[in-house]
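# Coordinates in review
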Amino acid sequence: MKKMEISEGDVLRVEGSLVIQVSKGEVTISGGLHGEGEKVEIPKAKSLPLEALTDAVIEYKKEEGGEIEHLPERTIPPEWDSLVEEIIEKKPKTIIVMGQVDTGKTFFTTYVANSLLRHEMKSAVVDTDIGQSDVGPPGTIGMGIVDKPISLMTDVQTQDSYFVGSMSPSGHMLEFMVGMKKVAERGLEKSDLVIVDTPGWVFGGPGRALQLYGAELLEPDLVVALQRENELEHLLKSMPSQVRRISVSEKVRERSKSERSFLRQETLSKYFDGSKELNLDLEKVRLERCYLGTGEEINPDDLGVEGVLHAEEILEGLVIVTESKLSEEDIQALKNEYGKIIEIKKGSEKHVLVSLIDENNDLLSVGLINEINYEEKKLSVITPIQNGGLVSAIQIGSMKIKPNGEEIGTVRPGSF
Amino acid sequence: MTLEHSDFQDLFEKLMQVIEEYKDNPAAMSAISSELSKLYKQIPIYPGIISMSIGDVVETVDLDDLEEREKLAVVLEDNKVVSGEFVSFESGNLKLKNCQLFRPPEELEETEIPKEDIQQVSELKSDILAELWPSLDFEVEE
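Every residue gets a number counted from 1 within its own chain, in the order that chain's sequence is written. Here chains are named by letter from A upward and ligands by number from 1 upward, in the order in which they appear as written. The model is predicted, so local features are restricted to residues of pLDDT at least 70 and side-chain atom pairs to those at 80 or more, both for listing and for counting; the totals for chains, interfaces and linings are taken over all residues. As a convention, hydrogens and water are excluded, and side-chain values are obtained from all of the structure's heavy atoms.

A count of helical and extended segments in chain B gives 4 helices and 3 strands. Elements are defined by DSSP. Helices are runs of H or I of four residues or more, strands are runs of E of two residues or more, and each kind is numbered from the N terminus. Its helices and strands in sequence order give chain B the pattern α-α-α-β-β-β-α, from N to C terminus. In terms of overall dimensions, chain B has C-alpha extents of about 60 × 50 × 30 Å along its principal axes. By definition, residues are in contact when any of their heavy atoms lie within 4.5 Å. Restricting to contacts in chain B with at least 6 residues of sequence separation, those with at least 24 account for 29%. Residue-level accessible areas treat just the shown protein chains as cover; the underlying method is Shrake-Rupley with a 1.4 Å probe. Carbon and sulfur atoms make up 49% of the accessible area of chain B, which totals about 11800 Å². In this count, Lys and Arg are taken as positive residues and Asp and Glu as negative ones, while His and the chain termini are left out. A charge is said to be at NZ when it belongs to Lys, at CZ for Arg, at CG for Asp and at CD for Glu. The averaged location of the 34 negative side-chain charges in chain B is 10 Å from the averaged location of its 12 positive side-chain charges.

As structure tokens, this is what we get:
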């Protein structure tokens, strides 16, 4: 490892892949304090600020893409530190961090949580970026406690997560709101305060609704608005909570649609890496968030049409699972008899994103359905967890994803 | 989430169904379109009721049961469509007033159009998601 002497107040930009060990003195990385003997690994392509709190000696080892350079001045705006001081003084319980996409909300949350930890305040962080979850599995709202310094939000150990079932809150507002409230409440039980990193969807009716009702539900003591110009003012006008406007760091880079898509795939692929098939008994494990499994099972032979593998009568009509799509005439005949018909073609369940829930209604993991055997009432799912005995329920999501992380489709609401 | 969060899902599906059903009947399509617009202006917060109502805008009627009807769309044996207000049905003849005649589209192997006859040209796209949101351009099983 190479050695570098730095003086109190020096600022470095450290970019992964890089391993840093503090040999002498104290430094912060992303605001997190690291003393003598502590080692930090910076992942590839992540660029973070290192600040020397005292004269210090660091040792480092560069790997692929690794870089370390002196900067002429601090990159953390002074207003961030003023805000931290204000939080220490006023001790708010719930903080919402609001901002459009690519405004550095996650880094800001990391910095504030780390800085508060230096003053012995333990924060719960709620990550609502369900497409590229840093905390918790993909497609979920995650919560973790910052009880030791972190370089990145991904370093936080997940304490709780809630399955939303998609890569965006669009069309999933109910799950999103319930999840955000539940994990924030649980976070607050285990910490001094909770910091909610909200989605970047701030425009249009649904975006406004998401932010405003979300804020009303969480009842924050402080709203931190990260904005480049005045793009959040339309929301802030309706906010009864105390609002602190913070400008976006010039270092924040905007990502393209294709870059986001690539990052989502990478997150998903990493999550499912090493996953195996888990077989579950549908006599013991219930299905949630779908029509299937909520009705009174009836004998398919009694329907008078060929090719039906499973049938159940529901309040709205009939759910049927078929070998291949039924003819218009058969569907019409069933409609005349039962009303609404939900036809599920066998095999259409493959790759659907689901969550696996335990008996306390807590999320164990997410998974991808491999197959449902309707005759034997078995469901096989690709998932990182291997103990099927813990699973009490499967919640159906809205995306179809291959285990390599490739998104291959969506599930039409009401079709399952 | 595979449960629908609103009745807009039903409305989309109903609209796709009526478009398919009446694609060759421009008079019916025109009536559906104007009634849809009226319904949405009246009750934008109830897509389920719009969905339940829109399918009843066009109702097939027997020739012997025309007395109470006001506006009709008539599909002729040669696939032309006539729409108009009902006057009478006597001696085997249906009489309408204030009518419009719609001819079915004609297939042409090729054609030449003089520039002075052209008012506007539009490109008709069939793969818009691939162009605008390639990451969401999923293959769909029919």
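Residues and elements named next belong to chain A. Within the open sheet, the 4 strands sit side by side as E19-E20-E21-E22. Their pairing is mixed. The strands lining the two open edges of the sheet, one partner per strand, are strand E19 (296-298) and strand E22 (340-345). Looking at each pair of strands side by side, their axes are set apart by 25° on average, direction ignored. The pairing of strand E21 (residues 317-322) with E22 spans 6 bridges and is classified as parallel. When the bridges of E22 are listed, Ile320 appears paired with Glu343. To define axes, lines are fitted to C-alpha atoms, for helices over the stretch in contact only, and angles between the resulting N-to-C directions are given on a 0 to 180 degree scale. Taken strand by strand, helix H7 (residues 328-338) contacts E19, strand E20 (308-314), E21 and E22, and its axis lies near 135° from that of E22. Should DSSP find at least two bridges between two strands, the strands are taken to pair.

Across the contact, 28 residues belong to chain A and 14 residues belong to chain B. Roughly 1600 Å² of surface becomes buried between chain A and chain B when both sides are summed, with 51% attributable to carbon and sulfur atoms. Whenever a carboxyl oxygen of Asp or Glu lies within 4 Å of a side-chain nitrogen of Lys or Arg, that contact is scored as a salt bridge. For the pair chain A and chain B, the number of links is 2 salt bridges. For Glu4 of chain B, the salt bridge identified is with Lys340 of chain A, shortest N-O distance 3.4 Å. Nitrogen and oxygen atoms within 3.5 Å of one another constitute a polar contact, given that in protein one can donate a hydrogen and the other can accept it, and given that sequence-neighbouring residues count only through two side-chain atoms. In this structure, the connection of chain A to chain B is made through 4 residue pairs in polar contact (both at pLDDT 80 or more). For the side of chain A that touches chain B, the elements supplying multiple residues, two or more each, are helix H3 (173-189), helix H6 (257-272), E22, strand E26 (393-401) and strand E27 (407-410) of chain A. Accessible area that two parts lose when put together, with a 1.4 Å probe and added across both, is what the buried area reports.

What follows deals with the packing of aromatic side chains. Residue and element names in this part refer to chain A. Classification of ring pairs uses Phe, Tyr and Trp, with its six-membered ring standing for Trp, and accepts pairs whose centres are within 6.5 Å; under 30 degrees between planes counts as stacked, over 60 as edge-to-face, and the remaining range as tilted. Tallying each qualifying case throughout the model produces 4 aromatic pairs over all chains. Centre to centre, the rings of Trp80 and Phe107 are 5.9 Å apart; their planes meet at 45°, and the pair counts as tilted. You can see Trp80 sitting in helix H1 (residues 78-90) and its partner Phe107 sitting in helix H2 (residues 105-117), a full 27 residues away along the chain. Any residue under 20% of the maximum accessible area for its type is buried, any over 50% is exposed, and the rest in between are partly exposed; the area is computed with a 1.4 Å probe on protein chains only. Given a relative accessible area of 3%, Trp80 falls into the buried group.

Okay, the nonpolar core next. Residue and element names in this part refer to chain A. Buried Ala, Val, Leu, Ile, Met, Phe, Trp, Tyr and Cys residues that are joined via side-chain atoms within 4.5 Å together make up what is termed a nonpolar core. In this structure, Met98, Val126, Ile141 and Leu236 are the most contacted members of the largest nonpolar core, which totals 28 residues. Put simply, the parts of the chain that give this core at least two residues each are strand E10 (94-99), strand E11 (123-127), strand E12 (140-146), H3, strand E14 (193-197), helix H4 (204-218), strand E15 (222-227) and helix H5 (233-236). Per-element accounting of this core gives the leading share, 5 residues, to H3. Of all hydrophobic cores here, the second largest spans 27 residues; its members include Val321, Val354, Leu356 and Ile396.

On to the packing of helix H2 (residues 26-42) of chain B against helix H3 (residues 47-54) of chain B, then. All names here are of chain B. Between H2 and H3, whose axes approach to 10 Å, the crossing angle comes to 155°. In terms of orientation, H2 and H3 fall into the roughly antiparallel class. The element H2 and its partner H3 pack so that their crossing is right-handed. Within the contact between the two elements, H2 uses Ile32, Glu35, Leu36, Leu39 and Tyr40 and H3 uses Ile50, Ser53 and Ile54. When residue character is reported, Ala, Val, Leu, Ile, Met, Phe, Trp, Tyr, Cys and Pro are called nonpolar, Asp, Glu, Lys and Arg charged, and the others, Gly included, polar. For the contact of H2 with H3, the class distribution of residues is 6 nonpolar, 1 polar and 1 charged. Roughly parallel refers to an angle under 35 degrees, roughly antiparallel to one over 145, roughly perpendicular to one between 65 and 115, and oblique to any angle outside these ranges. By the definition used in this description, the sense in which the near helix is turned from the far one sets the handedness, with an anticlockwise turn below a right angle giving left-handed and a clockwise turn giving right-handed.

Residue and element names in this part refer to chain A. Here the term cavity refers to a set of points on a 1 Å grid, laid over the protein atoms alone, in which a 1.4 Å probe fits but cannot get out; the term pocket refers to an open set having protein on both sides within 12 Å along at least five of seven lines, with lining residues being those that place an atom within 4 Å of a point. Grid points are joined across faces, edges and corners, and a volume is the space filled by probe spheres set on the points. This structure, assessed with the given rule, holds 1 cavity of 30 Å³ or more. Looking at the largest cavity, its volume works out to about 50 Å³. Lining the largest cavity, in full, are Ile96, Met98, Phe176, Met180, Thr198, Pro199, Leu210, Gln211, Gly214 and Ala215. Every element with two or more residues in the lining of the largest cavity is listed here: E10, H3 and H4. The greatest single-element share of the lining of the largest cavity, amounting to 4 residues, is contributed by H4. Split by residue class, the lining of the largest cavity holds 7 nonpolar, 3 polar and no charged.

The subject of this paragraph is the pattern of salt bridges. Residues and elements named next belong to chain A. Counted according to the given criterion, the structure contains 25 salt bridges over all chains. With a closest N to O distance of 3.9 Å, Lys61 and Glu63 form a salt bridge. In this structure Glu63 comes out as partly exposed when scored by relative accessible area, which is 41%. Taking the shortest distance from any N to any O, the salt bridge between Lys90 and Glu86 comes out at 3.7 Å. Here Lys90 and its partner Glu86 are both found in helix H1, 4 residues apart, which amounts to about one turn of the helix. Residue Glu86 is classed as buried on the basis of its relative accessible area of 15%. Each of Arg13, Glu15, Glu67 and Glu69 takes part in a single network of salt bridges with overlapping partners.

To continue, consider a nonpolar patch on the surface. A cluster of nonpolar residues, Ile128, Leu129, Leu132, Trp133 and Leu136 of chain B, forms a patch on the protein surface that exposes about 440 Å² of accessible area. Following the sequence through the fold, Leu136 of chain B ends up in the segment after helix H4 (128-132). Every patch collects residues that have over 30% relative accessible area and no salt bridge, joining them within 9 Å if they carry like charges and within 5 Å if they are nonpolar side chains (Val, Leu, Ile, Met, Phe, Trp, Tyr).

For the rest of this paragraph, the subject is the pairing of strand E7 (residues 47-52) of chain A. Residue and element names in this part refer to chain A. Most of E7 sits inside the fold, with 5 of its 6 residues counted as buried. Both strand E2 (residues 11-15) and E7 contribute to a ladder of 5 bridges, which runs antiparallel. Counterpart to Glu15 in the pairing with E7 is Ser47. Across 3 bridges, the pairing between strand E4 (residues 27-29) and E7 is antiparallel.

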